[in-house]
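# Working through the structure, step by step
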Amino acid sequence: MCLFFQNGSRNSAKLVLDDAKTLEEQGVEDEAMITVRAAEQYAASPESSFLRQSIAKNGTSSYYYAHANEKALPAEHRYVYGGEPAKLESSEAAVEAERPAIAIKTYSWSDEGDFV
């Protein structure tokens, strides 16, 4: 069996818990998700994941390129607090259309290019 912890959102990295270190030393935060896996389900290191391999192999052409420089999100940016929502403005007058709307009943589509 192997224990993993995950701070913050479900998209953050799952890291292996080391029995020789305290939770504080390993950076486990309050409300972290702890998971247990059998030895045969042991997770690969983040560097050996398919996502990282694809980025290493394909560089900026990788499908996963947007994830190349991900940084851990600080706790103060994970949640936004600010009280009740505030109404920005109120419009009492009904908006009248200058001209009545006319439905388009017939139309066509044309494209002269090689690709759409």
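Summarised in this report is the structure supplied together with it. Because the structure is predicted, anything quoted here is derived from the model rather than measured.

Right, let's talk about the layout of surface pockets for a bit. There is about 180 Å³ of room inside the second largest pocket. Of the residues that constitute the lining of the second largest pocket, the class distribution is 4 nonpolar, 3 polar and 4 charged.

So, about the side chain of Asn-7. Tracing the backbone shows Asn-7 in the loop between β1 (2-6) and β2 (15-16). A polar contact is formed between the side chain of Asn-7 and the backbone oxygen of Gly-27, at a distance of 2.8 Å. A polar contact is formed between the side chain of Asn-7 and the backbone nitrogen of Glu-29, at a distance of 3.0 Å. In contact with Asn-7, not counting residues within four places along its chain, are Ser-12, Gly-27, Val-28, Glu-29, Ala-32 and Arg-78.

We now examine the environment of Ser-62. Note on placement: Ser-62 falls in the loop between α2 (50-58) and α3 (75-78). When the C-alpha atoms of Ser-62 and Arg-52 are compared, they prove to be 9.7 Å apart, with 10 residues separating the residues in sequence. Every residue in contact with Ser-62, bar those within four places of it in the chain, is listed here: Ser-54 and Ile-55.

The rules behind these values
Residues numbered from 1 in each chain as written. Predicted model: local features only at pLDDT ≥ 70, side-chain atom pairs only at ≥ 80, totals over all residues. Heavy atoms only, no water. 1 Å grid on protein atoms, 1.4 Å probe; cavity = no way out; pocket = protein on both sides within 12 Å on 5 of 7 lines; lining within 4 Å. Points joined across faces, edges and corners; volume = space filled by probe spheres on them. Nonpolar A, V, L, I, M, F, W, Y, C, P; charged D, E, K, R; others polar. Helix = DSSP H or I, 4+ residues; strand = E, 2+ residues; numbered from the N terminus. Polar contact = N/O pair within 3.5 Å; in protein donor to acceptor, adjacent residues only side chain to side chain. Contact = heavy atoms within 4.5 Å.

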